[in-house]
Amino acid sequence: MAKNLRLKVARAAKDMSQKELAETINVTRQTINAIESGDYNPSIRLCIAICKALNKTLDQIFWEDDDNDDDE
Amino acid sequence: MMMTNKRKLKEPLDEMQIQTRNKIGNQCFFMLFFLLMINLGLQDYVRWAASPMSVYTIIVLTMGYYMTRVVWAGAYGSTLTKSVKPMYLIGLLVASTIILSLLGIIRNKFLNGNFNLPNDGALRMFIFSFVFIMIIFVSSKISNLKNNQGND
């Protein structure tokens, strides 16, 4: 699975650490780390919680297409 | 919102931890099943331990394997950073252990008359429960440490 760099960028833009984001949405830091590194595919419920915490839409963080692809 | 809060209180593990724990649990269940079946099938050919002891050994080994993998995967500790629940649980376990031990001692001392502390079942149960609680405590700590690993 590809890395989710957009999540990392959005989190950095809000000046939040993985731990702070994890505490905001009530998950472990390990889970945020796994999502960012592409090791875990979150549920839609968790995606929405992340988007709300970062003031972003699902498209902006999780949608993958040719224009918006994080594959390296 | 109310429902979400109740869910959070009932499920201290997050979704990735639950998935990891379930996956490991399934693997360990099948491992336990096949080990017990192999033990049963080879009973007449390879006798490595007497019947109750072999089953006991397999169960303990599988449980140890499950515990180790769950703790290693960081799927044991809670997502709640300041939770009073584990301390409450440990307190409850300690209290129930002490009460049960006292009941056992009273039963042996006053009802049978042949009270022997070193070989007493209540004392053994107390030691076993204490070790069990310590394992839970240490496992929680290790799992929480594992949860905090990773770079920002």
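Quick look at the structure, then. Keep in mind that what you see is a predicted model, and the values were worked out from it rather than measured.

Concerning the overall build of chain A
And then number 1: The helix and strand tally for chain A stands at 5 helices and 0 strands.
And then number 2: Buried positions account for 47% of the 72 residues belonging to chain A.
And then number 3: Within chain A, contacts between residues at least 6 apart in sequence are counted, and of these 57% link residues at least 24 apart.

A look at unusual backbone geometry
Residues and elements named next belong to chain A.
And then number 1: Here Asp15, not a glycine, exhibits a phi torsion of approximately 60°, which is positive.
And then number 2: Note that Asp15 resides in the loop between helix H1 (5-13) and helix H2 (18-24).
And then number 3: Despite not being glycine, Asn55 has its phi angle at roughly 55°, a positive value.
And then number 4: Considering the arrangement of structural elements, one finds Asn55 in the loop between helix H4 (44-54) and helix H5 (58-62).
And then number 5: Asn55 gets classed as exposed once you look at its relative accessible area, which sits at 61%.

Quick look at the side chain of Gln30 of chain A
And then number 1: With respect to the helices and strands, Gln30 of chain A occurs in helix H3 (residues 29-36).
And then number 2: In terms of polar contacts, Gln30 of chain A uses its side chain to reach the backbone carbonyl oxygen of Ala73 of chain B, at 3.1 Å.

Here's the deal with the packing of helix H2 (residues 15-41) of chain B against helix H3 (residues 51-72) of chain B
Residue and element names in this part refer to chain B.
And then number 1: At a closest axis distance of 10 Å, the pairing of H2 and H3 adopts a crossing angle of 160°. Considering the angle they form, H2 stands roughly antiparallel to H3. Like other packed secondary-structure pairs, H2 and H3 cross with a definite hand, here right-handed. Between H2 and H3, the contacting residues are Arg21, Ile24, Gly25, Gln27, Cys28, Met31, Leu32, Leu35, Leu36 and Asn39 on the first element and Ser54, Val55, Ile58, Ile59, Thr62, Tyr65, Tyr66, Arg69 and Val70 on the second.

Reading the values: the criteria
- Residues numbered from 1 in each chain as written.
- Chains lettered and ligands numbered in written order.
- Predicted model: local features only at pLDDT ≥ 70, side-chain atom pairs only at ≥ 80, totals over all residues.
- Heavy atoms only, no water.
- Helix = DSSP H or I, 4+ residues; strand = E, 2+ residues; numbered from the N terminus.
- Buried < 20%, exposed > 50% of the residue type's maximum accessible area, 1.4 Å probe, protein only.
- Contact = heavy atoms within 4.5 Å.
- Polar contact = N/O pair within 3.5 Å; in protein donor to acceptor, adjacent residues only side chain to side chain.
- Axes fitted to C-alpha atoms, helices over the stretch in contact; angles between N-to-C directions.
- Parallel < 35°, antiparallel > 145°, perpendicular 65-115°, else oblique.
- Left-handed = near helix turned anticlockwise from the far one by under 90°.

Take it as geometry only, folks, not as evidence of what the structure does.
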